[in-house]
Amino acid sequence: MEAERTFWEYLRDFSENQAPLDFVLVYDNLDKFFEGALVTLQLTFLALLIGGLMAIPMALARANKVSVLNPIIWCYTYAFRGTPLLVQTYLFYFGLGQFEAVRESFLWSPILSDPWWCVLIAFTLNTAAYTTEFLRGAIETTPRGEIEASVAAGMSPWLRTRLVVLPSAFRRALPAYSNEVIFTLHGSVIASTVTLQDLLGVGRWLNGRYYLAYEGFVTAMLFYMAIVLMITVAFKLAEKRYLKHLRPRESTEETAASATV
Amino acid sequence: MKLTKTLVASALTAATLIAGGMASAETLRLGVEGAYPPFSKKEADGSLSGFDIDIAKALCAELERECELVEQEWDGMIPALLANKYDAIVASMSITEDRKKKVDFTNKYYDTPTRFIAKEGAQFELTKEGTAGVKIGLLRGTTMQCYVEKHFPDADIKLYNTQEDVFADLVAGRLDMQVNNTLQAIDGFLNTDQGQGFAFLGGNLDDVACLGEGTGIAVRKGDSLTAELNAAIEAIRADGTYKAINDKYFAIDIYGK
């Protein structure tokens, strides 16, 4: 009997009954994990993009202490940084759905009834709050000399912001931003709690469908690690390019060589 | 060398025996859920109540064992049993072939049908074509997931962590229909304020392969607890304890045939 089984059947049996992790089952469902990864990446990067764009004017308003806006934005960032993302998501998803008025409003059927939009809104507002605050910090720590030089060069406040303050602040905020990107990715697992089939959602689906303990989680984990690795590498490259002036000189020989010329 | 090996082996055996002896005197830990009324629900003070909870307590009394109820969310029920977080699951779990690959089951302790629920007067045909694109909500990791994915693969299936969330989204209009145990649906939803305007759709579902052969108690494979629990279920059936619990929650006998 043993000999009649094909290698594939043997592998399947081994995977199901003996291996600590049913890797054949995971392999069979790998396409679902890629679909889940796509949902995760979409939500994460759309939230980062929109949230990032929202954060720039808010950070400028905060750093320049614009009279009415500053306290309002402070309240907003305090609320979103001071509460868990899960609670914020539940509020948008389950909370708003409780109200008849919301369900009958024009926003309901295309946007708020859809878990994807609820999650995107929550993630965007969350990451915008965090980004606003550390971008504000970066703007406030712009070296005085840079500002004085641009004033002396006769730049208007807008031109100064656009050409000197923001590029300089972005550079200083870059290392902190890589953390924010990774935190947002990690936070995106919350999508699976409101029925979205993101990476973790697919992992939980697999566990639920086949009554498994951890195959779905382990597979999702490997996907997250791969994504984080790509993000880290991308930021390393960006830092190498944009923070070049902060790195120590590469080789003393080169310096010595150029000095003798 | 040989002597050392023998010594180590006998020491290990002794240790196992002692550990085994201690285990049997330990409290029996039963995994239960808390969001599936009237089978299990959480009271305002955090305590658990419901049919499953009362059955679990009655079985403990019958076995004359100290018991601890361990609360666990549904989709982690079997994994937590396998990870030794508790020794048996008393949480309205249907006995199915798929689950039997992972755990042993006692005989059934109740058996009730499964049905769909939708808005009153909704016209959905329960066929593969009729459910294409229809939003169906259900609890993740249940027999219903197996049934719906098998029979209505083109439906837009939404998986939830708790049954209460499924009902919330059905009311909110994010779902066209939901599917679960009929008794749970009647007491946990249709007879509540939330469930007004909703009704059963179609008849009782029929697919033993997915839906199983009644509701049993799951135990780790090969555990002698299965036989003990079977005897205990029979005993509480015979001495009227089961009937008393049944009648506390339901107007009909839910044990089935």
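Residues numbered from 1 in each chain as written. Chains lettered and ligands numbered in written order. Predicted model: local features only at pLDDT ≥ 70, side-chain atom pairs only at ≥ 80, totals over all residues. Heavy atoms only, no water.

This brings us to the UniProt feature "domain: ABC transmembrane type-1" (unreviewed entry) in chain A. The positions that UniProt labels "domain: ABC transmembrane type-1" (unreviewed entry) are, in the present scheme, residues 37-235 of chain A. Strand forms 0% of residues 37-235 of chain A and helix 82%; the C-alpha atoms that close the span are 20 Å apart. (UniProt positions renumbered as here; feature names shortened; annotations may be inferred. Helix = DSSP H or I, 4+ residues; strand = E, 2+ residues; numbered from the N terminus.)

A separate point is the state of the cysteines. Here a disulfide denotes one covalent bond, and it connects the sulfur atoms of two cysteines. Residue and element names in this part refer to chain B. In the structure shown here, the tally under the stated rule is two disulfides over all chains. With a sulfur-sulfur separation of 1.7 Å, cysteine 60 is cross-linked through a disulfide to cysteine 67. Taking the torsion about the S-S bond as the criterion, the cysteine 60 to cysteine 67 disulfide, at about -90 degrees, is left-handed. Here cysteine 146 connects covalently by a disulfide to cysteine 210, the sulfurs 2.0 Å from one another. Looking along the S-S bond of the cysteine 146-cysteine 210 disulfide, the torsion reads about -70 degrees, which is the left-handed sense. Highlighted residues: cysteine 146 in helix 5 (residues 143-151) and cysteine 210 in helix 8 (residues 208-211), separated in sequence by 64 residues. Both residues of the pair, cysteine 146 and cysteine 210, count as buried. Sequence-ordered numbering of the bonded cysteines in chain B gives a pairing of 1-2, 3-4. (Disulfide = S-S within 2.5 Å. Buried < 20%, exposed > 50% of the residue type's maximum accessible area, 1.4 Å probe, protein only.)

Once that is clear, we can look at the interface of chain B and chain A. With 26 residues of chain B in contact, the opposing surface of chain A contributes 25 residues. Interface area, chain B with chain A, both sides summed: about 2,000 Å², of which 49% is carbon and sulfur. Taken together, the connections running from chain B to chain A amount to three salt bridges. Counting across the interface, chain B meets chain A through nine residue pairs in polar contact (both at pLDDT 80 or more). Going through the elements one at a time, helix 3 (77-82), helix 4 (97-100), helix 5, strand 10 (156-160) and helix 6 (163-172) of chain B are the ones with two or more residues in the side of chain B that touches chain A. With five residues, the top contributor of residues to the side of chain B that touches chain A is helix 6 of chain B. Classifying every residue of the side of chain B that touches chain A gives eight nonpolar, six polar and twelve charged. (Contact = heavy atoms within 4.5 Å. Buried area = accessible area lost by both parts, 1.4 Å probe. Salt bridge = Lys/Arg side-chain N within 4 Å of Asp/Glu carboxyl O. Polar contact = N/O pair within 3.5 Å; in protein donor to acceptor, adjacent residues only side chain to side chain. Nonpolar A, V, L, I, M, F, W, Y, C, P; charged D, E, K, R; others polar.)

Let us look at the pattern of salt bridges. Under the defined criterion, the tally for this structure stands at 24 salt bridges over all chains. As a salt-bridge pair, Arg12(A) and Asp28(A) come within 3.2 Å of each other at their nearest N and O atoms. In this pair, Arg12(A) sits in helix 1 (residues 7-17) while Asp28(A) sits in helix 2 (residues 23-28), placing the two residues 16 residues apart along the sequence. Since its relative accessible area comes to 32%, Arg12(A) is described here as partly exposed. We note a salt bridge from Glu97(B) to Lys100(B), for which the minimum N-O separation is 3.4 Å. Linking Glu97(B) with Lys100(B), this pair stays in helix 4, spanning three residues, or about one helical turn. Accessibility expressed as a relative area gives 29% for Lys100(B), which makes it partly exposed. Within this structure, Arg62(A), Lys65(A), Glu133(A), Arg136(A) and Glu140(A) form a network of salt bridges that share partners.

Attention shifts here to the sheet that holds strand 12 (residues 198-201) of chain B. Residues and elements named next belong to chain B. If you walk across this open sheet you meet the five strands as 10-9-11-8-12, and the pairing is mixed. Strands at the two margins of the open sheet, each flanked by one partner only, are strand 10 and strand 12. On average, adjacent strands in this sheet sit at an angle of 30 degrees to one another, irrespective of strand direction. Two strands pair when backbone bridges link them, and strand 8 (residues 114-119) and strand 12 are joined in this way by four bridges, in the antiparallel orientation. Bridging from a neighbouring strand, phenylalanine 116 pairs with leucine 201 of strand 12. (Pairing = 2+ DSSP bridges. Axes fitted to C-alpha atoms, helices over the stretch in contact; angles between N-to-C directions.)

Quick look at the packing of helix 3 (residues 30-63) of chain A against helix 10 (residues 157-187) of chain A now. Residues and elements named next belong to chain A. Direction vectors running N to C along helix 3 and helix 10 enclose 145 degrees, while the axes themselves pass 11 Å from each other. Both helix 3 and helix 10 take part in a crossing whose hand is right-handed. Mapping the contact onto sequence places Thr40, Thr44, Phe45, Leu48, Ile56 and Leu60 in helix 3 and Thr161, Leu166, Phe170, Tyr177, Val181, Thr184 and Leu185 in helix 10. For the contact of helix 3 with helix 10, the residue count by class is nine nonpolar, four polar and no charged. (Left-handed = near helix turned anticlockwise from the far one by under 90°.)

Next up on the list: the environment of Leu199(A). Residue and element names in this part refer to chain A. Relative to the helices and strands, leucine 199 resides in helix 11 (residues 199-210). Classification of leucine 199 by relative accessible area gives buried; the value is 0%. Spatially, the C-alpha atoms of leucine 199 and arginine 171 are 32 Å apart, while their sequence positions differ by 28 residues. With residues up to four places along the chain from it excluded, the contact list for leucine 199 reads Phe33, Gly36, Ala37, Thr40, Ala220, Phe223, Tyr224 and Ile227.

As a further point, take unusual backbone geometry. Omega for the peptide link from Pro37(B) to Pro38(B) comes to 0 degrees, which places this bond in the cis form. Note on placement: Pro38(B) falls in the loop between strand 2 (35-36) and strand 3 (40-42). Its identity is not glycine, yet Tyr211(A) carries a phi of approximately 55 degrees, on the positive side. Structurally, Tyr211(A) is set in the loop between helix 11 and helix 12 (215-242). Phi at Ser92(B) is positive, roughly 55 degrees, even though this residue is not glycine. As for its position among the elements, Ser92(B) is in strand 6 (residues 88-94). A relative accessible area of 10% places Ser92(B) in the buried class.

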